Amino acid sequence: MTERKHGFATRAIHDGQHSDPLTGAVNVPIYLSSTYAQEGIGENKGYEYSRVSNPTRDALEANLASLEGGTSAHVFASGMAAITAMITMLRTGDHVICGENVYGGTPRLFNQIISRYGIEFSYVDSSNPENVRSAIQPNTKLVHIETPTNPLMTLTDIRAVADICHERGVELAVDNTFMSPYFQRPIELGADIVMHSTTKFLNGHSDGLGGVLIGTKPEHKENFAFVQKCTGGILSPFECWMILRGVKTLAVRMKQHDESGRKVAAFLAGHKKVSKIFYPGLPSHPQHELAKKQMTGFGALISFETGSLANANAMLKRVKVCTLGESLGGVETLISHPATMTHAAIGAEARAQLGITDGLVRISVGIEDVDDLIADLDQALSAI
Ligand SMILES: Cc1ncc(COP(=O)(O)O)c(C=O)c1O
């Protein structure tokens, strides 16, 4: 008899996490030990040194691999550390195709650090999968995309891009930070690697940085574990425990983020001071049908146009329930100004090309009472 596969919320709470064999504690302890006693030469309980492996980290990694449907997961000190670890799979002379509208720190890492080692990058609008096909070169090894993109909420058809990549022997990595595995599972759609900034929805409480790479092949498991061991950019046991704790409520949090996100989007879409709104859950979004096909919810991220830098500043100064700040995915509503925050690093020209205006505001809808959020946005918009 085959065992019934548990649902997402059950796996979020139980996978990778067993009661402590020593005491029966239901929560995985925070193993604050850099080293482990050994019984003899080469005889140990599977742990030797915490840069290489740690039981709290193992629990988190098993949990995240299960939620994304991968075969391995490796956690790093931040999302950027995870992307850096992924890029170490490549060699001088290799070529990477990256979505053109990803988190600003990703092209900054690629262009200002990794390109020094002779790895070449091309940036394409992956919302048209044919652009990915056209950009593939004989030395292309990896395609890295985000969907939806930050902050303009453009989607990429993961299955279509995965098929193109696989025809040409190229691996597809998807940064799934915005959706979390609750709403989007890229591996089921053909992706080879899934990456997250766990700093966002997975942790969910804006109280710790982290990153993860979820792999699907034996070489991912081997390579990413080797990078952890060699470079040491691993996540501390305490931070691992914080994410384990956060993930237990991922399903209920995401449901609420989504429900409130839809209401806030509807409010903004009907507001006379908002000239444009970017949210895949609205039927007016040009890729709404794709959103319904590849995601099971629309999430919490909404961007909207206030018309100018002065308007954006006037409203952002007035918010009271929403917090003006970078980042996203926490229980609290965070509101930000992409041009001067997340996308400052790419420069004015690149922002203009992508359509990131000075009047654009991005909101990560939290799980406060949605009526309070709407009232807060309404009073803030009256400043314009
Ligand atoms: C989509 C996305 N990917 C990666 C990162 C980088 O993650 P971290 O800040 O944890 O290094 C961020 C950070 O905002 C992000 O939004």
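For the structure, see preceding data.
This is a predicted model, so every value here is computed, not measured. (Residues numbered from 1 in each chain as written. Predicted model: local features only at pLDDT ≥ 70, side-chain atom pairs only at ≥ 80, totals over all residues. Heavy atoms only, no water.)

Asks: Where do I start with the overall build of the protein chain in this structure?
Replies: A tally of regular secondary structure across the protein chain gives 14 helices and twelve strands. Relative to the compact-globule value of 21 Å for 384 residues, the protein chain shows a C-alpha radius of gyration of 21 Å, a close match. Dimensions of the protein chain, computed from the C-alpha atoms along their principal axes, are close to 75 × 50 × 45 Å. The proportion of buried residues among the 384 residues of the protein chain is 53%. Look at the contacts in the protein chain between residues 6 or more apart in sequence, and 72% of them connect residues 24 or more apart. Side chains of the protein chain give 34 positive and 40 negative charges; the mean places of these two sets differ by 2 Å. (Helix = DSSP H or I, 4+ residues; strand = E, 2+ residues; numbered from the N terminus. Rg over C-alpha atoms; globule rule 2.2 N^0.38 Å. Buried < 20%, exposed > 50% of the residue type's maximum accessible area, 1.4 Å probe, protein only. Contact = heavy atoms within 4.5 Å. Lys, Arg positive; Asp, Glu negative; His and termini not counted. Charge placed at Lys NZ, Arg CZ, Asp CG, Glu CD.)

Asks: Which parts of the structure should I look at to understand the sheet that holds strand S7 (residues 211-215)?
Replies: What links the strands of a sheet is backbone hydrogen bonding, and the strands pair in either a parallel or an antiparallel sense. The strand order across the open sheet formed by seven strands is S1-S7-S6-S5-S4-S2-S3, and the pairing between neighbours is mixed. The open sheet is flanked by strand S1 (72-76) and strand S3 (120-124), the only strands paired with a single partner. Put simply, the sheet's adjacent strands are angled 20° from each other on average, direction ignored. Of the strand pairs in this sheet, strand S5 (residues 171-175) and strand S6 (residues 193-197) are connected by three bridges, and their pairing is parallel. (Pairing = 2+ DSSP bridges. Axes fitted to C-alpha atoms, helices over the stretch in contact; angles between N-to-C directions.)

Asks: Help me out: how do you make sense of the packing of aromatic side chains in this one?
Replies: Centre-to-centre distance and the angle between the planes together describe a pair of aromatic rings. With the rule as written, the count across this model stands at five aromatic pairs. Between Phe8 and Tyr182 the ring centres are 5.3 Å apart and the planes differ by 70°, which places this aromatic pair in the edge-to-face class. Placement of the pair is Phe8 in helix H1 (residues 8-14) and Tyr182 in helix H7 (residues 180-183), with a sequence separation of 174 residues. What makes Phe8 buried here is its relative accessible area of 11%. Both rings, one in Tyr36 and one in Tyr47, keep their centres 5.5 Å apart while their planes meet at 35°; by these two values the pair is tilted. (Phe/Tyr/Trp six-rings, centres within 6.5 Å; stacked < 30°, edge-to-face > 60°.)

Asks: Help me out: how do you make sense of the site of the ligand in this one?
Replies: Close to the ligand lie Ser78, Gly79, Met80, Tyr103, Glu146, Asp175, Thr177, Ser197, Thr199, Lys200, Gly210 and Leu328, which account for all nearby residues. A distance of 2.6 Å is found between a nitrogen atom of the ligand and a side-chain nitrogen or oxygen belonging to Asp175. Contact distances for the ligand include 2.7 Å between an oxygen atom and a side-chain N or O atom of Lys200. Bound to the protein, the ligand loses 91% of the 390 Å² it would expose on its own. (Near = heavy atom within 4 Å. Polar contact = N/O pair within 3.5 Å; in protein donor to acceptor, adjacent residues only side chain to side chain. Areas by Shrake-Rupley, 256 points an atom, 1.4 Å probe, with all protein chains shown as cover.)

Asks: Is there a simple way to think about the side chain of Ser66 in this case?
Replies: Within the secondary structure layout, Ser66 lies in helix H2 (residues 55-68). According to the relative accessible area criterion, Ser66 is buried, its value standing at 16%. Setting aside anything within four residues of it in sequence, one finds Ser66 in contact with Arg11 and Asp15.

Asks: I keep staring at the pattern of salt bridges and nothing clicks. Help me out?
Replies: Pairs may arise between side chains of opposite charge once their charged atoms sit close together. Here the structure, examined in full by the defined rule, presents twelve salt bridges. Note that Lys293 and Asp157 form a salt bridge whose closest N and O atoms lie 3.8 Å from each other. Remark: Asp157 occurs in the loop between strand S4 (140-146) and helix H6 (158-167) and Lys293 occurs in helix H11 (residues 288-294); sequence separation between them is 136 residues. Notably, a salt bridge pairs Arg262 with Asp258, separated by 2.8 Å at the nearest N-O pair. (Salt bridge = Lys/Arg side-chain N within 4 Å of Asp/Glu carboxyl O.)

Bear in mind that shape data such as this cannot, by itself, settle questions of function.
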